[in-house]
Amino acid sequence: MTHDLYIGGAWVPGRETRPNINPSDTRDSVGDYAQASAAQAREAIAAAEAAFPAWSLSTPQQRFDVLDAVGTELLARKAELGDLLAREEGKTLPEAIGEVARAGAIFKFFAGEALRPGGEVMPSVRPGIGVEITREPLGIIGLITPWNFPIAIPAWKIAPALAHGNCVVFKPADLVPGSAWALAEILSRSGLPAGVFNLVMGRGAEVGQVLLEDPRIAGISFTGSVATGQRVAQAGVSRGAKVQLEMGGKNPFVVLDDADLNVAVAAAVNSGFFSTGQRCTASSRVIVTEGIHDRFVAAMAERMDTLKVDDARKPGTDIGPVVDDKQLAQDREYINIARQEGARLVAGGEAQPTSSDGAPGFYLRPALFADTTADMRINREEVFGPVVSVIRAKDYEEALALANDTPFGLASGIATTSLKHATHFKRHAQAGMVMVNLPTAGVDYHVPFGGRKSSSYGPREQGRYAAEFYTTVKTAYTQA
Ligand code: NAD
């Protein structure tokens, strides 16, 4: 079955199709997905432009009904869509089902937000004049998403865009069009007027580029790598478009002498290796103080030994495959670089050519390095795979300094039983999100998401804060 593009309320074939390959078994194709041309991306923008005047004035009830219906369907179909997601991306079935449920919850949350458009009324500094501050839709929004959260990231961009009265042109990641297409199909039956939501699958350099350059697009919300993010920023800013970027991370997780060892190991294993380490909030640097260092490293290695790396959809799998051959090559290259830099490989790191059933896939046993230093490339560059390095620190102060010694600033975690250190860390960690005795990966959907430094640019995503990007503020003065 071919999966078409969705433009102006109609399903249309693309210029060509591309197979969607299962990384757990590369003999298996999820289906063929249309690839849009640049001209089709422009048609989608034109459709959104035509739909905007009416949709921008739609009632909160209309928006609620659409978003609530989409959320209900996602939740009802989470097992089926979770299976599709695990099959195309390679995260485990429970993780994938959880991600679909998260997408459903996000649509429900923004259905509620559609009913709560706030504003402010205040007196003018001049007599007899009133001032009202309101938010209006931004316009046509271009959404560009990465492959590692094939349905949750699209949901946390599409839902607030629609809730706040915008029209959308959505370009999902080339590697995982299946979940995006399924979401578009649900949206196509949700009661949205034609043109309000459009799906253009295709290559970033072609279809994505159109979204960056077209003057009709008022805002671009992008999640992906730093390199692409910088192009998005330059293109957007040069023509005055609003830009929101969520990019890479090199998130630290600090383990102090007074930590509960079980809590620390569970959090480090979860955020370092689950979802095959392919999370922007993964903690890839674990900074451990002297007194607990050796016990922590030994306990990590012991726990890692029990992790089952296998087909993403097989019951009992802890870690699925890497997403594709390119990412696998990158992970292995960093493992080699770390070795050459003098890091000690404590556990894992071997590629596994097949699943336990002999299916060819991109399997990699999670790798743990010890005796690493802050200046090594393994501690400075994002690997985006199941590779974690341990840095030894003398005390809390040094651990904090090491945690902040990175160009990134998405999430930062600490394992400690000290209220004093937890409190200090929450204030002084240079990151958009801080976790105490919790994995750095794993966030709520009703609160802001985003980072600092090279990790993020522009307003936060999710929760009520999403309004900052998806609306523009108007200040109205009235003399009675
Ligand atoms: P990527 O930058 O390669 O691609 C992201 C998207 O941009 C894709 O849809 C791609 O097709 C598109 N794109 C590529 N070139 C383009 C261009 N010239 N113009 C417009 N669009 C273009 O990233 P990826 O490999 O899909 O995802 C992995 C990266 O995403 C990692 O660095 C990870 O840290 C990051 N990420 C960040 C967050 C976050 O919230 N901070 C969340 C998930 C992933």
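Residues numbered from 1 in each chain as written. Predicted model: local features only at pLDDT ≥ 70, side-chain atom pairs only at ≥ 80, totals over all residues. Heavy atoms only, no water.

(A) Molecular detail of the overall build of the protein. Looking only at helices and strands, the protein has 14 helices and 25 strands in total. By principal-axis analysis of the C-alpha atoms, the protein measures approximately 70 × 60 × 40 Å. Going through the 480 residues of the protein one by one, you find that 58% of them count as buried. The average position of the 47 basic charges and that of the 54 acidic charges among the side chains of the protein differ by 4 Å. (Helix = DSSP H or I, 4+ residues; strand = E, 2+ residues; numbered from the N terminus. Buried < 20%, exposed > 50% of the residue type's maximum accessible area, 1.4 Å probe, protein only. Lys, Arg positive; Asp, Glu negative; His and termini not counted. Charge placed at Lys NZ, Arg CZ, Asp CG, Glu CD.)

(B) Representation of the site of the ligand in the model. Near the ligand you find 29 residues, and of these T145, S225, M247, C280 and E382 are the closest. Within the side chain of T228, a nitrogen or oxygen atom sits 2.8 Å from an oxygen atom of the ligand. Among the elements of the structure, α7 (204-213), β11 (217-223) and α8 (226-238) are those that each provide at least two residues to the shell around the ligand. In terms of residue count, α7 provides more of the shell around the ligand than any other element does, five residues in total. (Near = heavy atom within 4 Å. Polar contact = N/O pair within 3.5 Å; in protein donor to acceptor, adjacent residues only side chain to side chain.)

(C) Expanded view of the sheet that holds strand β22 (residues 433-436). Ordered by their spatial adjacency, seven strands build an open sheet running β15-β18-β19-β14-β13-β21-β22, and the pairing between neighbours is mixed. Of all the strands in the sheet, just β15 (344-347) and β22 have a single pairing partner and so form its edges. Direction aside, the axes of adjacent strands within the sheet are offset by 25° on average. Bridge analysis of strand β13 (residues 251-255) against strand β21 (residues 411-415) gives three bridges, and the strand direction is parallel. In the sheet register, F253 faces β21, and the bridge partner there is G413. Across the sheet, helix α10 (residues 290-305) lies against β13, β14 (283-289), β15, β18 (367-372) and β19 (387-393), angled at about 140° from β14, the strand it touches most. In this fold helix α11 (residues 325-340) packs onto β15, β18 and β19, with an angle of close to 25° to the strand it touches most, β18. (Pairing = 2+ DSSP bridges. Axes fitted to C-alpha atoms, helices over the stretch in contact; angles between N-to-C directions. Contact = heavy atoms within 4.5 Å.)

(D) Up close: the pairing of strand β12 (residues 242-246). Counting buried residues in β12 gives four out of five residues, a clear majority hidden from the surface. With five bridges connecting them, β11 and β12 associate as parallel partners. Its bridge partner being in β12, T223 is matched across the sheet by E246. The β-α-β motif built from β11, the intervening α8 and the parallel element β12 has right-handed crossover chirality. (Right-handed = clockwise from strand over helix to strand, strands pointing away.)

(E) Broad picture of the sheet that holds strand β1 (residues 2-3). Pairing is mixed in the open sheet, where three strands are placed in the order β1-β5-β4. At either end of the open sheet lies a strand with only one pairing partner, and these are β1 and β4 (16-21). Across five bridges, β4 lies against strand β5 (residues 29-35) in antiparallel orientation. Paired with I21 across the two strands is S29, which belongs to β5.

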